[in-house]
Amino acid sequence: MAQKQKSFSINNDIYLHYGDRWYTAKDDPVALLRSEARTRNNWIISEIAARFPGGEARVLDIGCGAGFLANELALRNYQVTGVDSSQPALDVARRHDTTGTVDYRYGDA
């Protein structure tokens, strides 16, 4: 007999309160997320570039948060859509999109 799988929900409310700390914090976990993103983003961008050498790729960043990856991709001329379930994080991401090209959308994957 198959076991019933337990369901659970993840509380992501902490991301609603970071505001510009996403980009400025130096003393809490969001600073670690930002640092990790800088390292990870370089690898992701190199993998995309290897698979799409012409540079023409559309990228969907699910769970984009404050746009660390989406904004970096946009700087490299990729067409990017960022989706997140935190409207405040999306607002921060938009403010830090220096290209003005990322299509940020509220949603839950």
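Cut-offs used in this document
- Residues numbered from 1 in each chain as written.
- Predicted model: local features only at pLDDT ≥ 70, side-chain atom pairs only at ≥ 80, totals over all residues.
- Heavy atoms only, no water.
- Helix = DSSP H or I, 4+ residues; strand = E, 2+ residues; numbered from the N terminus.
- Buried < 20%, exposed > 50% of the residue type's maximum accessible area, 1.4 Å probe, protein only.
- Contact = heavy atoms within 4.5 Å.
- Areas by Shrake-Rupley, 256 points an atom, 1.4 Å probe, with all protein chains shown as cover.
- Lys, Arg positive; Asp, Glu negative; His and termini not counted.
- Charge placed at Lys NZ, Arg CZ, Asp CG, Glu CD.
- Salt bridge = Lys/Arg side-chain N within 4 Å of Asp/Glu carboxyl O.
- Phe/Tyr/Trp six-rings, centres within 6.5 Å; stacked < 30°, edge-to-face > 60°.

### Overview of the overall build of the protein chain
Tallying secondary structure elements over the protein chain gives four helices and three strands in all. Starting at the N terminus, the α and β elements of the protein chain follow one another as α-α-β-α-β-α-β. By its C-alpha atoms, the protein chain is 50 × 40 × 25 Å across when sized along the principal axes. With 109 residues in all, the protein chain has 35% of them scored as buried. Partitioning the intrachain contacts of the protein chain with sequence separation of at least 6 by distance along the chain shows that 42% fall at a separation of at least 24. A total accessible area of about 7,700 Å² is found for the protein chain, and carbon and sulfur atoms account for 52% of it. Each charge class in the protein chain was averaged separately, 13 positive and 14 negative side chains, and the resulting centres sit 3 Å apart.

### Regarding the side chain of Arg34
Within the secondary structure layout, Arg34 lies in helix α2 (residues 29–51). One buried charged residue, Arg34, forms no salt bridge at all, with the nearest opposite charge on Asp28 at 6.6 Å. Excluding its chain neighbours within four sequence positions, the residues that come into contact with Arg34 are Arg21, Trp22, Tyr23, Thr24, Ala25 and Phe68.

### As for the packing of aromatic side chains
Inspection of the entire model under this criterion finds three aromatic pairs. Centroid distance Tyr23 to Phe68: 5.0 Å. Interplanar angle 70°. Geometry classified as edge-to-face. Here the residue Tyr23 occupies a position in helix α1 (residues 21–24), and Phe68 occupies one in helix α3 (residues 68–75), the gap between them amounting to 45 residues. Among the residues examined, Tyr23 registers a relative accessible area of 24% and is labelled partly exposed. Members of the aromatic cluster, joined through ring pairs, are Tyr18, Trp22, Tyr23 and Phe68.

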